[in-house]
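Given next are the chains, with one letter for each unit.
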Amino acid sequence: MSKNTKIRVENLTKAWGKVKAINNISLDIEDGSFITLLGPSGCGKTTTLRAIAGLEEPTAGKIYINDKLVFSKKDEIVVDPVKRDIGLIFQSYALWPHMTVYDNIAFGLVMKKLPKDEIKKQVDKILKNVSLDKLGERYPNELSGGQQQRVAIARMLITKPGIFLMDEPLSNLDAKLRMDMRSEVKRLHQESGATTVYVTHDQEEAMTMSTHICVMKDGVIRQMDSPEVLYKKPADLFVADFISNPKMNFYDAAILHEEGKTYISFAGIKILIDPETVGERHKVKVAVRPEDFVLDSNGGEFNVVTQLPTGPSQILNLEKGSEDATMVSPDYIRVNPGETIKIGVKKDSYNIFDLETEKRIF
Amino acid sequence: MSSSVSYKHGSPLLRRTVRELSKPEKIIGMILLVLLVFFVLMPAINLVLTSFSFSLSDRRLPEVIDRGIKVVPGQFTLIHLERVFFSKLTSKMFLIPLMNSAVVTLGLTVLSMAIGCILAYLVVRTNLPFKKAIANIAMVPYIIPSWPISLAWLTLFKNSKVGGSAGLFQYLFHVSPPDWISYGPVPIIICLSLHYYAFAFITVSGALASIDSQLEETAALLGASRIQVMKKVTLPLVLPAILSAFILTFSKGLGTFGTPAFLGLPVRYYTLATQIYGNVKNNLAGDAYLIAIVMIIISSLTIYMNVKVIGARKSYVTIAGKGFRSQPMNLGKWKWLLFALVVLFLLCAVFLPLYLLTWQTFMEVNGDYSLSNFTLHYWIGESGALGKAGTLLGEGQAGILRDSEIYRGAWNSIKLSLTVSFLAAILGILLGYAIVRGRGTKLSVGCDVLSFAPYIFPGIAFGAVYLSMFSQRMGPIPSLYGTFALLVLVSLAKRMPFSSRTGSSAMMQIDKSLEEAATLVGAGFWTKFKRIIYPLTKSGFVSGFLLSFISTMRELSLIVLIVTPANKVLTTMIFRYTEGGYHQYGDAITMLLVVMSMGGTILIKMFQGKDLAKGVAE
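Residues numbered from 1 in each chain as written. Chains lettered and ligands numbered in written order. Predicted model: local features only at pLDDT ≥ 70, side-chain atom pairs only at ≥ 80, totals over all residues.

**A few points about the environment of W147 of chain B**
Residue and element names in this part refer to chain B. Among the secondary structure elements, W147 is positioned in the loop between α7 (140–143) and α8 (148–157). C-beta crowding within 10 Å serves as the criterion here: with 28 such atoms nearby, W147 is assigned to the buried category. Linking W147 and S513, residues 366 residues apart in sequence, is a C-alpha distance of 47 Å. When residues no more than four places from it in sequence are discounted, the contact partners of W147 are G258, T259 and F262. (Helix = DSSP H or I, 4+ residues; strand = E, 2+ residues; numbered from the N terminus. Buried ≥ 20, exposed ≤ 12 C-beta atoms within 10 Å, placed from the backbone. Contact = placed C-beta atoms within 7 Å.)

Set out below in C-alpha cells:
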C-alpha cells in the first residue's frame, strides 16, 4: 500500500439476500483527492459510501482508513463510525428537525464532551464560515434549501474529519443553487485538503468537481480515472454512454479494406484507421462525441431536423435514413431545419468498441 | 497490518456474536419477542390446548358421565369439539349465537357505514351549516363507551316482562313495548350503530378531505353530471377508506360484549361473545374457547380480505398533494332540512342517551318519571336513608359520591389506565423501533405479527385465558389470581396491536439518516433515544398514551371475568349493578365514567393542538 493512500477498499461485497449491491470491488483513494462514485441509481455507489462510513456492514472484504483496518469480514472487525475519521453529508441532509441550527452543529462536540464555552466558540466560528452566523437559533424547516445544505456542511466540518463523505448532497437543490454549491464544495475541498468521496448520478457534477471518477454499474466498478481520461478514453460502451451530455453518437460500423488501407465506415462517413486496431473484426461500434463532428465536404450527408441554440454554440439534431446524429457546432455555422449538411469526424476524436465485449479498442 | 493487531482479542466468531447482539434493534426486538411469546403466543396456545383437553370441571359433563369416561385433566379429548359442533347442544350453544352474531354484526356494520358515510359527505363536501360543530359532536359516541347507549335504551324502552320497572315509553303511553323493541337484535344493532358509525365517519371524512376537488372539477369539465362525478371519481377514490372502515367496524362489532349483554342476556339472546361469557361462567372453558377460535378465524378472514381487497388500492388516496382547494357542494333548498335531520340524529345518538341516563339517576323509584320522584340519593344520599314510602333506598347503599367503594373503583380504574397506557406507550415506541429498524429480519416480522395478534382475539376469551393461565404459577411468575398485576398484563397485551401500530408509524416518520447522523459522531442507543427518537415521537407518544388511557378506562369485556372484589373497576361495577337491576347506581357510575372519558379526550385535543408547533412538523 502506497504511503499516501487514505482509504483502501479490498474485494468488498454487500449482498442483500441474493442481490449483490456491490460485488467484489476494490478501490485505492489517495490522500487529498476528490473522488466521485458515479453511476445510475442502484449501481451500489451509496452502499459503497455507507460501507466506508461504517453505517453498512458489507458481507465480504476489507476496508482500511489511514492505514488502519476498520473493517474485515474475515476477522469480524467493525470499527465504529466515530473512530473512522469521517464526516458525512446525507442526501436528505438529515438535520434534526427538533434542534436549532446551533444545536445541530454542536451535537458532535457535545458527544465529545467538550466544555460549553469551547463548543460555543467553535460553533460560532463555523457558522460564520458558512455565512449562517445570524441563523443559529432557527430551526431547519425555517431555512431555505441552500441554507439547510450549509448547516449539513457545518455539522460535518465541526468534528474536523480527515475524510468527507457526501451522498448526492446537491440533488435536492434547484439548478442555479446547485451551480453555486458546486464551487462551494470544491472550495471546501481545496481549503481543508480533506480526502473527499462524493456520490452522484450527475455526470456533469462529477466531471466538474472530481480529481478522480469511479463509474459503477450493477455493483461493479467499470472504470476509475481522471475526468479527462474518462471522457476521452471511456473503458467501455456503458461508460462512454453514461459520460455524455449531449448524448454521444453510436454507430455500427463496417471495416473496409481498400487498396491496402483499412477504413471504418458508418453513416456515409469513412475514416482511415490503423489495421492493427481492429484486427480480424468485420464490424465494430464507433462512438463520436457531438462536439467532434465537423463540417466536411467529403463526409456523410445529413438532414437538419432541429437546431437548438445554447448561446455560445448550437446543438444540431441530424438525420440520415435510419441513422441520426447529434452535433454541437459553433453558432456561426448557419443552417436551417430541412437543409442538408455534410459532416465528418475530427482527427482521432472517436472511440472504437468491440461488439462482443463492448470494451474500447481505440 | 500492524494497526489491526489491537482488534485481535477473542475469536472472530465471538466478536461477531457480540456485535450482532449489541445492535439495539436486536436486543430490544429479542426482549420484546420473549415478552410477546409469553403474553400473546402462550395464551393463544393455551386457548387451543384447553379446547382439546380435559379439565377437572369436565367430570360433571353429561357426556362424560354417560360414557363413563375417566377424566384426566390435561389429557387430549375431542369432547368439546363434539359438544360445540356435533351434538344436540350445537344449535343452542353455537349455531344460534353464530346466526345472532352474523345478524347483529352485519346489521350494525351496514347501518353504521350508512350513517357514517352520509354524515362524512355532508360535513366534508357540502355547505351544511355549522359543519365544524357537527363534526365535533359526531365524534362524541367514539369517545364514550359503547354500552351506555344500551343502558339508555333500556331506560326508554324497557318493558315489564323481564322484571323490574318499565321504561319511559311505557310510563308515558301506558303501553308495554313489544319484546323485539325492548331486547334482542333490533335494539342491539341500533345502539351499537350509534357508537360504531364514528369509525366510518372518521375514516371516510379523512379520505374525502384528502381528495383534490380539481379531480372532480376535471370530470365535470369533461361533461360528467354530478351523479356521474360521484360514481366515477369520488366513490372510487374513497372506496378503499370505505372498505377498510367496513372491515374495522365488522371485526370490532363481532367481538363486542357490553351491549349484547345488557340487551340480549335478559331474553337469552346470545351472540358468540356473550355465549363465551356464559360458558366460562359455567366452567365450560373448553367449549368457550372453541367458540373463540371460530371468532378468531372470522376476524382473521376479514383482515385477510382487507389486505387482499384494499392492499393494492390503498395507495392512491394519499396521492393528493397539499395546497388544494375543495369546493363544497351547494345543497340549495335542502340545506336546512338536512341540517335539521342531522341535528335530530345527533340529539338521538348523543344527547338523548346521556340525558336519559342522567335523569334516571335522579329517580327515587325506577320507572316513575314524575317530579315528585326526584331524589339526589343515588349521587349523595346517606347510607341507610329512607325513601318517601319509608323503605330503604337502594337497599341501604349510599349515593355514589359518598360510597368509598365507588372511589376505590374509580381509583382502580385510573390506576389501571395510567399504568397500562404508560407501559403501552413505551412498549409501542420500542416495538416500533424493533419493527421498523429491523425491517426484513425474522425478529422484526415476529414482533410485528405477535404484537398484532391480540387484535383478532375476542376480549372476553382473551380475559378468560389469562384468568386460567395465570391463576397458577407459571415459570417465574407466581399465581396472579385476583391481583392488580393480572389486570395490567391482560389490558397491556390487548393494547399491543394499537401501540405497535402507533409506534411503527411514528418511527417510520423518523428517517434512518437522522439516527445515523448521530451514530457518526459516536452517539449510543440511549443518547439517540433521548436526544432524537423520543423528542421526534413525543407527540405520538403522548396521544398514544391518552388514547390507551381512555380505552382502558372503558374496557369491560376483557376484564369482566378477571376482576375480583378487591380490584374492581368502574366498568365492572356498572356491569354488576345493572345486572342486578340497580339501574340508578349503574347509570350514575356510567355518567362518572363518561365525564372522565370526555375530560381525557379534551386533554388529548389540547395537547395535540399545542404540540404540532414548529420544528417537529417537518
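**Description of the packing of helix α21 (residues 459–469) of chain B against helix α22 (residues 484–508) of chain B**
All names here are of chain B. At their nearest, the axes of α21 and α22 sit 10 Å apart, and the two run at 140° to each other. With respect to their mutual orientation, α21 and α22 come out oblique. In terms of crossing hand, the pair formed by α21 and α22 is right-handed. On α22, the residues touching G459, F462, G463 and Y466 of α21 are L486, L489, V490 and K494. Taken together, the residues of the contact of α21 with α22 sort by class into five nonpolar, two polar and one charged. (Axes fitted to C-alpha atoms, helices over the stretch in contact; angles between N-to-C directions. Parallel < 35°, antiparallel > 145°, perpendicular 65-115°, else oblique. Left-handed = near helix turned anticlockwise from the far one by under 90°. Nonpolar A, V, L, I, M, F, W, Y, C, P; charged D, E, K, R; others polar.)

**Some details on helix α20 (residues 442–452) of chain B**
The set of residues buried in α20 of chain B consists of S444, G446, C447, D448, L450 and S451 of chain B. Tucked into the core, α20 of chain B has its buried residues touching α2 (24–51), α19 (404–437) and α22 of chain B.

**What about the nonpolar core?**
All names here are of chain B. Membership of the largest hydrophobic core comes to 255 residues, with the highest contact counts inside it found for A461 and I589. With 15 residues, helix α11 (residues 185–209) is the single largest residue contributor to this core. In this view, I589 contacts I400, I406, L570, M573, I574 and Y577; residues no more than four positions away in its chain are not counted. (Core = buried A, V, L, I, M, F, W, Y, C linked by C-beta atoms within 7 Å.)

**Concerning unusual backbone geometry**
Residue and element names in this part refer to chain A. The linkage connecting N245 with the following residue, P246, adopts the cis geometry, with an omega of 0°. For P246, the location among the structural elements is in the loop between α8 (237–242) and β12 (249–258). Although it is not a glycine, N66 adopts a positive phi angle of roughly 50°. Topologically, N66 is positioned in the loop between β4 (60–65) and β5 (68–72). The class for N66 is partly exposed, based on 16 C-beta atoms found within 10 Å.

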